[in-house]
Amino acid sequence: MTKLLMQYLPAEGTVVTMRNVLCIAAVILIPITLILEQPTFSTLGTRDIVDLFILGAFQTGIVYWFYNLLVHMEGAVFASFSNYFIPLVGVLLGSLILEESVSIYMITGLFIIIFSTIISRKTKT
């Protein structure tokens, strides 16, 4: 639902809109997490907290900003296809950075994902 609503917002309002969405989600989810999970923060150092902030605020903000630009440029339906590329990026990074093995099943699955996305983007005549 959010994807459909985001395409009607002005392009310059995407950063503000996503900031508001993330702040509302944080206000709701942080207390619930603290109550249900009862985390202990005794092992977190200053470096850990800074890393969590960078990962949570900075990088998540950039990804949401790009995602909303994609919704405005290509529409909500195409933007939802971005979830199909997560396995592609995961397999690629795992093989390049972590030197994980890539099986024929993975390659076949990735080609199916890419081919399906290409077919879905073709316009009907």
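Preceding block: the structure.
The structure presented is a predicted model; accordingly, all values stated were derived computationally and were not measured.

With that settled, consider the overall build of the protein. The secondary structure content of the protein amounts to six helices and zero strands. Along the protein, helices and strands appear, N-terminal first, in the series α-α-α-α-α-α. Evaluated residue by residue, the protein yields a buried proportion of 11% over its 125 residues. With an accessible surface of roughly 10,100 Å², the protein has 72% of that area assigned to carbon and sulfur atoms.

Let us now look at a nonpolar patch on the surface. On the surface, a nonpolar cluster with roughly 740 Å² of combined accessible area is contributed by I24, V27, I28, L29, I32, I35 and L36. Relative accessible area serves as the criterion here: at 65%, L36 is assigned to the exposed category.

Quick look at the packing of helix α5 (residues 86–96) against helix α6 (residues 104–121) now. Relative orientation of the contacting elements α5 and α6 amounts to 145°, with a least axis distance of 10 Å. Along this stretch, α5 crosses α6, giving a crossing that reads as left-handed. Between α5 and α6, the contacting residues are P87, L88 and V91 on the first element and M106, L110, I113 and I114 on the second. Looking at the contact of α5 with α6 residue by residue, the class counts come to seven nonpolar, no polar and no charged.

With that out of the way, let us pick up unusual backbone geometry. Phi at E99 is positive, roughly 55°, even though this residue is not glycine. Considering the arrangement of structural elements, one finds E99 in the loop between α5 and α6.

A word on the environment of T117. Structurally, T117 is set in helix α6. The exposure class assigned to T117 is buried, which follows from its relative accessible area of 8%.

It is worth spelling out the environment of F85 at this point. Relative to the helices and strands, F85 is located in the loop between α4 (76–80) and α5. On the accessibility criterion, F85 (28% relative accessible area) is partly exposed. Sequence separation between F85 and L110 is 25 residues, and the spatial gap between their C-alpha atoms is 8.6 Å.

Thresholds applied
- Residues numbered from 1 in each chain as written.
- Predicted model: local features only at pLDDT ≥ 70, side-chain atom pairs only at ≥ 80, totals over all residues.
- Heavy atoms only, no water.
- Helix = DSSP H or I, 4+ residues; strand = E, 2+ residues; numbered from the N terminus.
- Buried < 20%, exposed > 50% of the residue type's maximum accessible area, 1.4 Å probe, protein only.
- Areas by Shrake-Rupley, 256 points an atom, 1.4 Å probe, with all protein chains shown as cover.
- Patch = residues over 30% accessible without salt bridge, like charges linked within 9 Å, V, L, I, M, F, W, Y side chains within 5 Å.
- Salt bridge = Lys/Arg side-chain N within 4 Å of Asp/Glu carboxyl O.
- Axes fitted to C-alpha atoms, helices over the stretch in contact; angles between N-to-C directions.
- Left-handed = near helix turned anticlockwise from the far one by under 90°.
- Contact = heavy atoms within 4.5 Å.
- Nonpolar A, V, L, I, M, F, W, Y, C, P; charged D, E, K, R; others polar.

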